[in-house]
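Structure assessment
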Amino acid sequence: LKGPGAKPATDMAPVAAPERVYIRLESAADNSTLLALKQAIDEFNGPTEVVLVLGPDGNKQAIKLPTGMRSEDAALSRLQKLVGPENVKVC
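Computed from a predicted structure; not experimentally measured. (Residues numbered from 1 in each chain as written. Predicted model: local features only at pLDDT ≥ 70, side-chain atom pairs only at ≥ 80, totals over all residues. Heavy atoms only, no water.)

A few points about the pattern of salt bridges
Our working definition: Take a side-chain nitrogen of Lys or Arg and a carboxyl oxygen of Asp or Glu: if they are within 4 Å of each other, that pair is a salt bridge. Strands are runs of DSSP state E lasting at least 2 residues, helices are runs of H or I lasting at least 4, and numbering of each runs from the N terminus.
In total, this model carries six salt bridges according to the counting rule given. The shortest N-O distance in the salt bridge between glutamate 49 and arginine 20 comes to 2.4 Å. Of this pair, glutamate 49 sits in strand β2 (residues 45–54) while arginine 20 sits in strand β1 (residues 20–25), and the two are 29 residues apart along the sequence. Residue arginine 24 pairs with aspartate 57 through a salt bridge whose shortest N-O separation is 2.9 Å. Here aspartate 57 lies in the loop between β2 and β3 (61–64) and arginine 24 lies in strand β1, a separation of 33 residues in the sequence.

Printed below as a string of structure tokens:
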């Protein structure tokens, strides 16, 4: 870059994408699981976005929840106990 006030490209920090917790559920019909998930998210309230992925593989729907949570080990472990470790991802 050239010109007044220009900075070399090496001075620009890359912008990291925000971390998200994805929770996969085959169906939203299990109210007790949904309630338990809500309680866990509320207990570990924090800045990490939470996205529910609902439906079978061929017809998934992602829903970003209005509240976030902390993505610490205790919080993720709680979610994994509720829906299984294969259904909780942090990206």
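Details of the nonpolar core
Selection criterion: Residues belong to one nonpolar core when they are buried, are Ala, Val, Leu, Ile, Met, Phe, Trp, Tyr or Cys, and are joined through side-chain atoms within 4.5 Å. Relative accessibility thresholds used throughout: buried, under 20% of the residue-type maximum; exposed, over 50%; partly exposed, between the two (1.4 Å probe, protein chains only). For this analysis, residues touch if any pair of their heavy atoms sits within 4.5 Å.
One finds Val21, Ile23, Leu37, Met69 and Leu79 to be the most contacted residues of the largest nonpolar core, which totals 17 residues. Of all the elements in the fold, those that place two or more residues in this core are β1, α1 (31–43), β2 and α2 (73–83). Counting residues per element, this core draws most heavily on α2, at four residues. Setting aside residues up to four positions removed in sequence, methionine 69 forms contacts with Val21, Ile41, Phe44, Asn45, Gly46, Pro47, Thr48, Val50, Ala75 and Leu79.

Observations regarding the sheet that holds β1
Quick reminder of the rule: Strand pairing is assigned whenever DSSP detects at least two bridges linking the two strands. Interaxial angle, 0 to 180 degrees, is taken between N-to-C directions of lines fitted to C-alpha atoms, where a helix line uses only the stretch in contact.
Taken together, the four strands give an open sheet; going across it, the order is β3-β2-β1-β4, and neighbouring strands pair in mixed fashion. Of all the strands in the sheet, the pair left with one neighbour each is β3 and β4 (88–90). Strand-to-strand twist across the sheet, computed as the mean angle between neighbouring axes with direction ignored, equals 25°. Relative to β2, β1 runs parallel, the two being bridged by six bridges. Each bridged residue has a counterpart across the sheet, and for valine 21 the counterpart in β2 is valine 50. Contacts from α1 reach β1 and β2, with the element oriented near 160° to β2.

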